[in-house]
Amino acid sequence: MSERQRAETTALGDSAVSERQRAETTALGDSAVSERQRAETTALGDSAVSERQRAETTALGDSAVSGFRGQITLDGPSGTGKSSVARAVATRLGAAYLDTGAMYRAATVAVLDAGIDPEDAEAVAAVVAAARIEVGTAADTELVQVDGVDVAVRIRGAEVTRAVSAVSAVPAVRRRLVDQQRALVAAADAVVVEGRDIGTVVLPDATLKVYLTAAPEARAERRAAQLGLTTPEEVAALAVDLRRRDEYDSSRADSPLRPAADAMIVDSTDLDRQGVVDRVVELAQSAVGARR
Ligand SMILES: Nc1ncnc2c1ncn2[C@@H]1O[C@H](COP(=O)(O)OP(=O)(O)OP(=O)(O)O)[C@@H](O)[C@H]1O
Ligand SMILES: Nc1ccn([C@@H]2O[C@H](COP(=O)(O)O)[C@@H](O)[C@H]2O)c(=O)n1
């Protein structure tokens, strides 16, 4: 069975988005309770939230554009809207969707479970080489597994978020996951792939490359709204975490975060999500037209 079929038939189904939001809500909490437990018990994740998010994604992707064939890459700093925009664009174009950040986060779960220091590059490389990391490529579900165990919730927790940039800076980890990403992409006629190095390294010949940016304040406020956080202290802590990850991701030696030379820069600071989705779909149509 292909990755896509597996993702489409997985039992994760209805609760996937709500689960993800619950896990993210724990990002600022203390570490006394396990990430998973907190993710599972945080109040935000009721089914009304899931319904709302699903409705939003459906609405953003409602006027389907048929016949798109090709690869769209969406790179950019944390919290610029890559995931939500990429999912909606994939839905609108009837394309597969690949969240490469979820793959690095899954690799981080394997590292943490092995009790390895995320900064110990050699040990990290060995653990990740031995782990079976699986992600789905359907835009409407979230399938992420490590050695057959569902980690879709856990990868969004604070413990993983803190360690993921160190794990993803290890060249052997990148080589392994990039190979896997290219294989998943090769199985799809149309695909939207989001991450940090997709346009520069993973798919240098993509049909369309988009680099998404947004002012740091807007990103922190959006993430706070997503997590239901309201106090200035909470928003400030989120801003610090976004900045820390961006600095780490931009300054690593292997595949640093940066726009590809031929990427279209889309600044979403003054655009709502629908505006960004419309812009990317418009750019995709132009890119396909230009190739005909
Ligand atoms: N243009 C926009 N206007 C307002 N809110 C937005 C916009 N784009 C995305 N959002 C919201 O901002 C939050 C962060 O978006 P998202 O998770 O898609 O970012 P991301 O770039 O994938 O982040 P990360 O790299 O950390 O995974 C979400 O709640 C999303 O709905
Ligand atoms: N192509 C990519 C994608 C992600 N990373 C690293 O993973 C972290 C988590 O990514 P999210 O999009 O899920 O927030 C990110 O901070 C990077 O360290 C990467 O290196 N390359």
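On a predicted model such as this, the values are computed, not experimentally measured, just so you know.

**Observations concerning the overall build of the protein chain**
Stage number 1. Scanning the protein chain from terminus to terminus reveals 13 helices and 8 strands.
Stage number 2. Looking at the protein chain as a whole, 52% of its 292 residues are labelled buried.
Stage number 3. Long-range pairs, those at least 24 residues apart, make up 77% of the contacts in the protein chain between residues at least 6 apart in sequence.
Stage number 4. Summing over all exposed atoms, the protein chain offers an accessible surface of approximately 12,700 Å²; the carbon and sulfur share of this is 52%.

**A look at the domain arrangement of the protein chain**
One frequent convention defines the size of an interface as the accessible area lost when the parts assemble.
Stage number 1. Examined at the domain level, the protein chain breaks down into domain 1 (66-95 + 190-287) and domain 2 (99-187).
Stage number 2. A separation of 19 Å is found between the C-alpha centroids of domain 1 and domain 2.
Stage number 3. Of the roughly 1,700 Å² buried where domain 1 meets domain 2, counting both sides, 48% is carbon and sulfur surface.
Stage number 4. It is Arg87, Val202 and Tyr248 that lose the most area in domain 1 upon contact with domain 2, and together they represent 30% of the buried surface on that side.

**Details of helix 12 (residues 232-251)**
What sets the pattern is the α-helix's 3.6 residues per turn: residues three or four places apart point alike.
Stage number 1. Between the first and last C-alpha of helix 12 there are 28 Å, a value that for 20 residues agrees with the 28 Å anticipated at 1.5 Å per step.
Stage number 2. Buried residues along helix 12 sit against helix 6 (100-113), helix 8 (158-168) and helix 11 (216-227).

**Some details on the environment of leucine 143**
Stage number 1. Within the secondary structure, leucine 143 is located in the loop between strand 3 (133-135) and strand 4 (144-146).
Stage number 2. Residue class for leucine 143 comes out buried when judged on its relative accessible area of 10%.
Stage number 3. A C-alpha to C-alpha distance of 24 Å links leucine 143 and arginine 69, two positions 74 residues apart in sequence.

**Some words on the nonpolar core**
Considering soluble globular proteins, one finds that nonpolar side chains tend to be buried as a cluster.
Stage number 1. Val144 and Val173 are the most contacted members of the largest nonpolar core, which totals 36 residues.
Stage number 2. Here this core gets 8 residues from one element, more than from any other, and that element is helix 6.
Stage number 3. There are two domains that each give this core at least three residues, and those are domain 1 (66-95 + 190-287) and domain 2 (99-187).
Stage number 4. Filtering out sequence-adjacent residues up to four positions away, valine 144 remains in contact with Ala102, Ala106, Glu134, Val135, Val149, Asp150, Val151, Ala152 and Ile155.

**Examining the site of ligand 1**
Stage number 1. Residues in contact with ligand 1 amount to 17 residues; listed here are only the nearest, Gly79, Lys82, Ser83, Ser84 and Leu271.
Stage number 2. Glycine 81 is positioned with one of its backbone polar atoms (N or O) 3.0 Å from an oxygen atom of ligand 1.
Stage number 3. Within the side chain of lysine 82, one N or O atom sits 2.7 Å away from an oxygen atom of ligand 1.
Stage number 4. Where the shell around ligand 1 is concerned, the elements lending two or more residues are helix 5 (82-93), helix 11 and helix 13 (273-291).
Stage number 5. Class assignment of the residues belonging to the shell around ligand 1 gives a composition of 3 nonpolar, 7 polar and 7 charged.

**Considerations on the pattern of salt bridges**
Stage number 1. The final tally for this structure, using the stated rule, is 13 salt bridges.
Stage number 2. For aspartate 241, the salt bridge identified is with arginine 244, shortest N-O distance 3.1 Å. Placement of both aspartate 241 and arginine 244 in helix 12 is noted, with a separation of 3 residues, approximately one turn of the helix.
Stage number 3. Overall, the relative accessible area of 29% leaves arginine 244 in the partly exposed class.

**Details of a negative patch on the surface**
Stage number 1. A contiguous patch of negative charge on the surface is contributed by Asp117, Glu119, Asp120 and Glu122.
Stage number 2. Here glutamate 122 shows up in helix 7 (residues 121-130).
Stage number 3. Glutamate 122 gets classed as exposed once you look at its relative accessible area, which sits at 69%.

**Comments concerning the UniProt feature "binding site: ATP" (unreviewed entry) in the protein chain**
Stage number 1. What UniProt calls "binding site: ATP" (unreviewed entry) maps, in this numbering, to Gly76, Pro77, Ser78, Gly79, Thr80, Gly81, Lys82, Ser83 and Ser84.
Stage number 2. Looking at the element boundaries, serine 78 is found in the loop between strand 1 (70-75) and helix 5.
Stage number 3. For serine 78, a relative accessible area of 1% translates into the label buried.
Stage number 4. Not counting the four nearest positions on each side in its chain, serine 78 is found in contact with Arg196, Arg219, Leu242, Arg245 and Asp246.

**Here's the deal with the packing of helix 6 against helix 9 (residues 171-186)**
Stage number 1. Put simply, helix 6 and helix 9 touch, their axes get as near as 11 Å, and they point 140° apart. Taken together, the axes of helix 6 and helix 9 lie oblique to each other. In the packing of helix 6 onto helix 9, the handedness of the crossing is right-handed. For the pair helix 6 and helix 9, contact is made by Thr100, Met103, Tyr104 and Ala107 and by Val173, Arg174, Leu177, Val178, Gln180, Gln181 and Leu184, respectively.
Stage number 2. Classifying every residue of the contact of helix 6 with helix 9 by side-chain character gives 7 nonpolar, 3 polar and 1 charged.

**Topic: the packing of helix 8 against helix 12**
Helix-helix packing: each pair is described by the crossing angle between the helix axes and the interaxial distance.
Stage number 1. Packing of helix 8 against helix 12 leaves a shortest axis separation of 9 Å and a crossing angle of 10°. For the element pair helix 8 / helix 12, the angle class is roughly parallel. On the side of helix 8, the interface is formed by Thr161, Arg162, Val164, Ser165, Ala166 and Ser168, while helix 12 contributes Asp241, Arg244, Arg245, Tyr248 and Asp249.
Stage number 2. Its residues assigned to classes, the contact of helix 8 with helix 12 comprises 3 nonpolar, 3 polar and 5 charged.

Conventions and cut-offs
Residues numbered from 1 in each chain as written. Chains lettered and ligands numbered in written order. Predicted model: local features only at pLDDT ≥ 70, side-chain atom pairs only at ≥ 80, totals over all residues. Heavy atoms only, no water. Helix = DSSP H or I, 4+ residues; strand = E, 2+ residues; numbered from the N terminus. Buried < 20%, exposed > 50% of the residue type's maximum accessible area, 1.4 Å probe, protein only. Contact = heavy atoms within 4.5 Å. Areas by Shrake-Rupley, 256 points an atom, 1.4 Å probe, with all protein chains shown as cover. Domains from an automatic or database assignment. Buried area = accessible area lost by both parts, 1.4 Å probe. Expected span 1.5 Å × (residues − 1). Core = buried A, V, L, I, M, F, W, Y, C linked by side-chain atoms within 4.5 Å. Near = heavy atom within 4 Å. Polar contact = N/O pair within 3.5 Å; in protein donor to acceptor, adjacent residues only side chain to side chain. Nonpolar A, V, L, I, M, F, W, Y, C, P; charged D, E, K, R; others polar. Salt bridge = Lys/Arg side-chain N within 4 Å of Asp/Glu carboxyl O. Patch = residues over 30% accessible without salt bridge, like charges linked within 9 Å, V, L, I, M, F, W, Y side chains within 5 Å. Lys, Arg positive; Asp, Glu negative; His and termini not counted. Charge placed at Lys NZ, Arg CZ, Asp CG, Glu CD. UniProt positions renumbered as here; feature names shortened; annotations may be inferred. Axes fitted to C-alpha atoms, helices over the stretch in contact; angles between N-to-C directions. Parallel < 35°, antiparallel > 145°, perpendicular 65-115°, else oblique. Left-handed = near helix turned anticlockwise from the far one by under 90°.

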